[in-house]
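# Per-entry structural report
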Amino acid sequence: MERLPLYSYRILDLTTAWAGPYGTRLLADMGAEVIKVEAVNHWDLLRALTDTPPDVELVWNKSPIFNHVNRNKYACTLDLGQPRGRELFLRLVALSDVVIESYRSPVMENLGLSYDVLRSARADIILVSTPSHGKTGPEKDFVAYGSNIEQLGGLTAISGYLGGGPQKTGISYGDPVSGIAAAAAVALALWHRRRTGEGQYVEVAQWENMVGLIGEYVVGYSMNGRLPQPMGNRHSSMAPHGCYPCCGDDQWVTIAVEDDEQFAALCRIMGRPELAADPRFADVVSRYRNQDELDGIVAEWTRQRTPKQATEALQTAGVAAAPVLGVPALFDDRHLRARGFWETVSHADAGTWDVDGVPWRMSRSPAHIRLPAPRFAEHNGYVLRGLLGLSEEEIQELAAAGVIGDRPNPSVHE
Amino acid sequence: MTSLSALRVLDLSDGVAGAFCTKLLAGFGAEVIKIERPGAGDPLRRHGPFPDDLPHREKGALFLYLNTAKKSITLDIAQRTGALIFRRLVEGVEVVVESFSPGYLAELGLGYESLARIKPRLVMTSITPFGQDGPYAGYKAANLTAFAMGGQMAVTGEPDREPLKNGGYQAEYQAGLHAFAATAVAALSADSTEVGQHIDIAAMECLATMLEPYVSSWAYLKRDIGQRRGNVVSGTVGLYPCRDGHLGIHCMPRNWPALARALGREDLLADERFRDHYHRLQHNDELESIVYAWATTQERKAAYQRAGGLRAPVSFVHTVQDLLEAPQLRARGFFQQIGHPAAGRQTYPGPPFRPEAMPWQAARAPLLGEHNEEIYCEELGLSRQELALLRASGVV
């Protein structure tokens, strides 16, 4: 099998929660050796986000969300706040290509791990930071998580039902989109290093990255000064364009009609061919004007069908239609199954499940889940003995001094 | 010029996702040559808003935003002559980005296998709603339907109403951002191995990998927690109306003391009902009513500044105007003014991230076919007369 694209790179991952770890998951999927550095008193809060009762043995290794976001990675412990921990971390930096962190400012500086210090350990090291607001500016110390990012970034204000107020997205949207940007930042910085021999510092301000995902609204406002309003499921030029009820509990189908031809096909499939010539709907402008009425007609038809029936009938006629898939339906979806999207992963403490595979499908080096998420401190031996060459005695001293450990302190995330 | 200038990209795509992917490559310095259809050009040129609401193919906000720092040539690759010219262009690039229906380029003799014979280190990124194979590969799609299929729509909106898409083209932006990162990774690898590959990006799959915690809960516990929950997820995570807008709170367990201070309720820290995360969830209704009542007395900007100073995770819903006025973004010089011969000077968002050594290229979008002479004559060595011949035959 071909080597994975990032097989030769080592990344020290100080990020926690979802944004940074989603980014390093993408890089780990691509073959990078991602080593999560945790500590007994500083461990990933996702390990604690679990419904498993706290008195269950090794509960921190059993969090579904942690195990999901951290597959293909390694984990070790090092207390960076202790001089010996910091020193060993810098020795690891000398053996690595990238450090990525999501600490609040100015934690890295307080730990004595500013970019200049990292460079003294390895001259061409790349440092990527993923602050919410950025590392400069009057609000650099403000705190924000995923849903805050979409609010700050302008997405929430333009999301919502027609005529209604702003609406939160269904996921912690700012997190994964920041993670993708961070993964791209790592790849570009590695490109730059290949070409110039130089490392660099990259700041991924999550707020700014988010604004980029609604950029046309900024340019549009700049042109005409009109504040965009939530449009529900409608589009600026297509109609019908919406989400329609189907038979069954909470079953929906989405339909988007682009032109006259597609509209005629929709009418034919609905058994209402005369509507295509009806003056209320005959052209794009009339359909757009009369879409409330049109939505009612489409809904009458969808209500008597399942999302699957409506989708298949419309797709046969060349109309964009799709069911609204919840997670259980995604797991059963025949397309994702046929493409081998779901992969099985086994974890020593947490069991065996099917989870989503790798979204970047490369023809020559197809990537898969190679490793389950690391147990807390699982790779202390690999990192301390294997990479740093410490003796058994030294490792025991580190454990005695609390620089490393194999059980996280539960009171950190209560 | 940045080190990425050595990366040359041909962009055949005609949707938001592909355009966003190559906008980001161009922004960090890659030379992106956008190939548009002779005549109308990129369909994105038809989308508004436009200055004074007058449609014009050089003035649409969506096109202008998504095509900054690119070059534009026109070429009809469906004609044999056009396909041959395209093959010559491929010799000089590292990356091709495309978004056609699966199989279309292969029909024209321009599929990945065929192009890789011309240029072994070529990375070709195909961005489609459902991917290059599988039962839905030929399905028609739009941003709305891709959003529905990727699982994010089912969890967005109010529980008693229809599922809701996010504002704008979020399914396409997510796929475009994924494609950008994947292309950068594959180009990096090809730079050392001298062998490229074909990347298949399916929006549906990209979206489905971003469904925490719904996927993990179902995968590991067979528990479906993907019910729509509207704007209030819990007493300390959600959107709360305030006097002049909406405040957003996203409190993790460690932020509780800071949030209680921001609410002006330090007394809650000593309240047994709220002593840890578990107990706060047990008393969620009481907490929610406290937060809700507090928010209604607040003005958004003042509350945000005060909470920020206390390091409580409180934000407010920013309109586009709020964004342009935001002190933090202004201090950081995030927004940029970019002039354009047809559309004039407008305000654009800056870079998604800031690599110290790879400054963002804030250059305007190209006019349709603006770089025909540069690419066809200077680079491929055609004479002006030959270019005129191609124009006359509708190839260019």
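Residues numbered from 1 in each chain as written. Chains lettered and ligands numbered in written order. Predicted model: local features only at pLDDT ≥ 70, side-chain atom pairs only at ≥ 80, totals over all residues.

### Remarks on the overall build of chain A
The number of helices and strands found in chain A is 18 helices and twelve strands. For chain A, the residues scored as buried account for 58% of the 414 residues in total. (Helix = DSSP H or I, 4+ residues; strand = E, 2+ residues; numbered from the N terminus. Buried ≥ 20, exposed ≤ 12 C-beta atoms within 10 Å, placed from the backbone.)

### Focus on the packing of helix α1 (residues 16–27) of chain B against helix α7 (residues 170–193) of chain B
Residues and elements named next belong to chain B. It is at 7 Å that the axes of α1 and α7 come closest, and there the two elements cross at 45°. One element, α1, and the other, α7, form an angle in the oblique class. Judged by the twist between their axes, the crossing of α1 over α7 is right-handed. Here V16, A17, G18, F20, C21, L24 and L25 of α1 come into contact with α7, specifically with E172, Y173, A175, G176, L177, A179, F180 and T183. For the contact of α1 with α7, a count of residues per class yields eleven nonpolar, three polar and one charged. (Axes fitted to C-alpha atoms, helices over the stretch in contact; angles between N-to-C directions. Parallel < 35°, antiparallel > 145°, perpendicular 65-115°, else oblique. Left-handed = near helix turned anticlockwise from the far one by under 90°. Contact = placed C-beta atoms within 7 Å. Nonpolar A, V, L, I, M, F, W, Y, C, P; charged D, E, K, R; others polar.)

### Some points on the pairing of strand β2 (residues 31–36) of chain B
Residues and elements named next belong to chain B. The element β2 is largely enclosed, with a buried count of six among its six residues. In this structure, strand β1 (residues 8–11) lies alongside β2, joined through four bridges in parallel fashion. Directly across from V9, in β2, lies its bridge partner V32. The parallel pair β1 and β2 is bridged by α1, and the resulting crossover is right-handed. (Pairing = 2+ DSSP bridges. Right-handed = clockwise from strand over helix to strand, strands pointing away.)

### Observations concerning the nonpolar core
If you look at the biggest cluster of nonpolar residues, it comprises 264 residues, and the most contacted ones within it are A185, V186 and A187 of chain A together with A181 of chain B. In this view, A181 of chain B contacts L26, I180, A183, A184 and A187 of chain A; residues no more than four positions away in its chain are not counted. (Core = buried A, V, L, I, M, F, W, Y, C linked by C-beta atoms within 7 Å.)

### Notes on the sheet that holds strand β7 (residues 241–245) of chain A
Residues and elements named next belong to chain A. Overall, antiparallel pairing links the three strands, which are arranged β7-β8-β9 in an open sheet. Edge positions in the sheet fall to β7 and β9 (320–323), since each of these pairs with one other strand and no more. The sheet shows a mean angle of 20° between the axes of neighbouring strands, direction not considered. Relative to strand β8 (residues 252–256), β7 is paired through five bridges, and the arrangement is antiparallel. When the sheet's bridge partners are listed, C243 is paired in β8 with T254. Contacts between helix α14 (residues 307–316) and the sheet are confined to β8 and β9, with β9 contributing the most and set at about 160° to the helix.

### Some words on the environment of V412 of chain A
All names here are of chain A. Looking at the secondary structure, you find V412 in the segment after α18 (392–400). In this structure V412 comes out as partly exposed when scored by C-beta crowding, with 16 C-beta atoms within 10 Å. Residues V412 and R370 lie 42 residues apart in sequence; the distance between their C-alpha atoms is 30 Å. In contact with V412, other than residues within four places in its own chain, are N41 and W43.

### A few points about the domain arrangement of chain A
In terms of domain boundaries, chain A breaks down into domain 1 (10–213 + 340–413) and domain 2 (241–326). For domain 1 of chain A versus domain 2 of chain A, the distance between C-alpha centres works out to 44 Å. (Domains from an automatic or database assignment.)

### Considerations on unusual backbone geometry
The peptide bond linking A239 of chain A to P240 of chain A adopts the cis configuration, its omega dihedral lying at -5°. Note that P240 of chain A resides in the loop between α10 (215–224) and β7. Cis peptide bonds are those with omega within 30 degrees of zero, and the linkage from E212 of chain B to P213 of chain B qualifies with -5°. The topology assignment puts P213 of chain B in the loop between α8 (203–208) and α9 (214–221). In the Ramachandran plot, D250 of chain A falls in the positive-phi region, its phi being about 55° despite a non-glycine side chain. Note that D250 of chain A resides in the loop between β7 and β8. Under the C-beta neighbour-count criterion, D250 of chain A is labelled partly exposed, with 14 such atoms within 10 Å.

### Some words on helix α1 (residues 19–29) of chain A
Most of α1 of chain A is tucked away: eleven of the eleven residues are buried. A positive phi of about 105° marks G31 of chain A, the residue just after α1 of chain A.

### A look at the interface of chain A and chain B
Taken together, the contact between chain A and chain B spans 122 residues of the former and 123 residues of the latter. Counting residues per element, the side of chain A that touches chain B draws most heavily on helix α8 (residues 174–196) of chain A, which supplies 16 residues. Here the residues of the side of chain A that touches chain B sort into 69 nonpolar, 37 polar and 16 charged.

### Quick notes on the packing of α1 of chain A against α8 of chain A
Residues and elements named next belong to chain A. Where α1 meets α8, the closest approach of the two axes is 7 Å, and the angle between their N-to-C directions is 45°. Here α1 lies oblique to α8, going by the angle between them. For the pair α1 and α8, the crossing hand works out as right-handed. Of the residues in α8, those touching α1 at A19, G20, Y22, G23, L26 and L27 are D175, P176, S178, G179, I180, A182, A183 and V186. A per-class count over the contact of α1 with α8 returns nine nonpolar, four polar and one charged.

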